[in-house]
Amino acid sequence: MPIQTEILIIGGGLAGLTAALHLNKQGFDVTLIEKSAYPHHKVCGEYISNEVLPYFNWLGIDLKNLSPTQITNLQFTSATGKQVNTTLPLGGFGLSRYSIDYYLYNLAKSRGVNVVNKEVNDVVYAEDQFLVETTSGERFKAEYVLGAYGKRSAIDKRLERNFINQKSPYLAIKAHYKSDFPSHLVSLNNFKGGYCGVSKVENAILNVCYLANYESFKKHKDIQAYQENVLYQNKNLKKILEEAEMIFDAPLTISQISFNQKEPVYDHMLMIGDTAGLIHPLCGNGMAMAIHSAKIVSELIQKRTENKTSRSSLENEYSANWQTIFGSRLRFGRILSMILQHKTCERLAINSMTAMPFVLNKIIKHTHGRPIKTVN
Ligand SMILES: Cc1cc2nc3c(=O)[nH]c(=O)nc-3n(C[C@H](O)[C@H](O)[C@H](O)COP(=O)(O)OP(=O)(O)OC[C@H]3O[C@@H](n4cnc5c(N)ncnc54)[C@H](O)[C@@H]3O)c2cc1C
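Residues numbered from 1 in each chain as written. Predicted model: local features only at pLDDT ≥ 70, side-chain atom pairs only at ≥ 80, totals over all residues. Heavy atoms only, no water.

A. Quick peek at the pairing of strand E9 (residues 139-147). As judged from the seven bridges shared by strand E1 (residues 3-10) and E9, these two strands associate in the parallel manner. Residue pairing in the sheet places Leu8 in a bridge with Val145 of E9. Pairing between strand E8 (residues 129-134) and E9: four bridges, direction antiparallel. Bridge pairing in E9 places Leu131 opposite Lys141. If you look at the hairpin formed by E8 and E9, you'll find four residues sitting between the two strands, and Gly137 has a positive phi there, around 95°. (Pairing = 2+ DSSP bridges. Helix = DSSP H or I, 4+ residues; strand = E, 2+ residues; numbered from the N terminus.)

B. Up close: the site of the ligand. Within the structure, the ligand sits among 34 residues, and Glu34, Gly45, Tyr47, Arg97 and Asp274 are positioned closest to it. Backbone polar atom of Tyr47 to a nitrogen atom of the ligand: 2.7 Å apart, as the coordinates give it. In the model, an oxygen atom of the ligand is placed 2.7 Å from a nitrogen or oxygen of the Arg97 side chain. Here the ligand, which alone exposes 990 Å², has 95% of that area covered by the protein. Put simply, the parts of the chain that give the shell around the ligand at least two residues each are helix H1 (14-25) and helix H8 (286-307). Ranked by residues supplied to the shell around the ligand, first place goes to H8 with three residues. Considering only residue class, the shell around the ligand consists of 15 nonpolar, eleven polar and eight charged. (Near = heavy atom within 4 Å. Polar contact = N/O pair within 3.5 Å; in protein donor to acceptor, adjacent residues only side chain to side chain. Areas by Shrake-Rupley, 256 points an atom, 1.4 Å probe, with all protein chains shown as cover. Nonpolar A, V, L, I, M, F, W, Y, C, P; charged D, E, K, R; others polar.)

C. Just the packing of aromatic side chains, in detail. Inspection of the entire model under this criterion finds ten aromatic pairs. Arranged with centres 6.2 Å apart and planes meeting at 15°, the rings of Tyr55 and Trp58 form a pair that is stacked. Linking Tyr55 with Trp58, this pair stays in helix H2 (residues 53-58), spanning three residues, or about one helical turn. As far as the burial class goes, Tyr55 and Trp58 line up, both buried. (Phe/Tyr/Trp six-rings, centres within 6.5 Å; stacked < 30°, edge-to-face > 60°. Buried < 20%, exposed > 50% of the residue type's maximum accessible area, 1.4 Å probe, protein only.)

D. How the structure looks around unusual backbone geometry. Omega for the bond connecting Tyr38 with Pro39 falls within 30 degrees of zero, at -10°, which places this linkage in the cis form. Tracing the chain through its elements places Pro39 in the loop between strand E2 (30-33) and strand E3 (47-49). The phi dihedral of Ser67 is positive, around 55°, even though this residue is not glycine. Even without being a glycine, Asp128 presents a positive backbone phi close to 65°. Tracing the backbone through its elements, the reader meets Asp128 in the loop between strand E7 (120-126) and E8. Look at Asp128 and you get partly exposed, because its relative accessible area is 38%.

E. Up close: the pattern of salt bridges. Applying the stated criterion to the full structure yields 17 salt bridges. For Lys239, the salt bridge identified is with Glu243, shortest N-O distance 3.5 Å. Placement of both Lys239 and Glu243 in helix H7 (residues 235-243) is noted, with a separation of four residues, approximately one turn of the helix. Owing to a relative accessible area of 47%, Lys239 belongs among the partly exposed residues under this scheme. With relative accessibility at 55%, the residue Glu243 sits in the exposed group. Overlapping salt bridges, with partners in common, bring together Lys42, Arg97 and Asp101 in one network. (Salt bridge = Lys/Arg side-chain N within 4 Å of Asp/Glu carboxyl O.)

F. Examining a nonpolar patch on the surface more closely. A contiguous nonpolar surface patch, about 280 Å² in accessible area, is contributed by Ile335, Met338 and Ile339. Along the chain, Ile339 falls in helix H9 (residues 311-340). (Patch = residues over 30% accessible without salt bridge, like charges linked within 9 Å, V, L, I, M, F, W, Y side chains within 5 Å.)

G. Up close: H7. Burial in H7 covers these residues: Asn236, Leu237, Ile240 and Leu241. Projection of H7 onto a plane perpendicular to its axis shows the buried side chains occupying an angular sector of 120°, all on one side. Residues of H7 that are exposed and angled more than 90 degrees away from the buried face: Lys235 and Glu243. (Arc of directions from axis to C-beta.)

H. Summary view of the pairing of E1. Note that E1 and E2 share four bridges and pair parallel. Paired with Ile9 across the strands is Leu32, a residue of E2. In terms of handedness, the path from E1 via H1 over to E2 forms a crossover that is right-handed. (Right-handed = clockwise from strand over helix to strand, strands pointing away.)

So this is what it looks like as structure tokens:
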């Protein structure tokens, strides 16, 4: 017999865990299935915009004891090492995914969310119910399924989502380091074929995380050779990397990163976080978007339960809200990354940001949200 639950969430990253906490607070019976054991490191820049703080507060999420760094300033450097500096209008904080995901997982468990450490490999919708199956054969029945399984998963193949067959030319690499890098700063450094984010997380650890074009990467023998031959062309990056001492045994890598459009609702599954769409990490805001999308979907499920409206009206409202809140940010992120990878356009962009610093603030405004308003 399948295990019955009201809401089943596939994936326990920031989107899935936040939705689990929200829906649990509203009194729903929530099961979350995550394939990896906690805690684990993730390829991510680990800079989180402060826009999430009012919502975290409402959820009773208190990150103080994890000692995040407070980040107030942004530095942008061009491939040739030219710099633009500004303060961040809202600011943010630096916290490793190892710590924050683990904290949220423990919080969810302590509040009664049923967290299952398995990998989902099939989801079928029929007669207003979902049947979800794991690779080891456990079966679950649920009224709602939230897809929170990140950028790319075997489930997308199974569901035959469009983006999965399109080319994804990027890979990403991340490692933690010991370094004297200032803790109030997030530094975004452009290089030929990619960009690299640098900022501190808890315990004075430096996170260096970059996105690279696979075609350019594969011409080099290994990660070290790629960094020395390509990233070091940016003088700022060369200095940061040469002065830092890696703590990880080896950098983490992920490939096939796609910024192609996805659907916020697919075969009645409500997609949140990267499963609904990934913003170019140059805009540094994917985690806040993942958290915000969890809030939108949770509120709409609550609304449907109270007003007894149809499933299709919930799905239409979620898709429309998602497009209104995130659609233009994602488009802007795609355009920005194209501009910065074009040599002449990059030079023009840097020159205008140096001459008119408000241009950089305008870019930040277009790619970031306002503080996430809470329900009551
Ligand atoms: C190079 C790079 C740098 C970035 N830097 C930043 C940054 O500095 N700031 C920022 O805000 N954003 C950044 N982002 C974006 C950010 O990492 C994502 O937007 C965020 O992690 C999305 O969270 P999520 O919960 O949707 O997905 P994830 O955190 O990826 O979580 C998905 C979870 O689902 C699980 N899962 C997958 N398949 C299954 C399955 N079949 N069954 C069960 N579980 C499954 C996975 O194990 C994972 O734990 C960056 C992204 C990249 C690529």
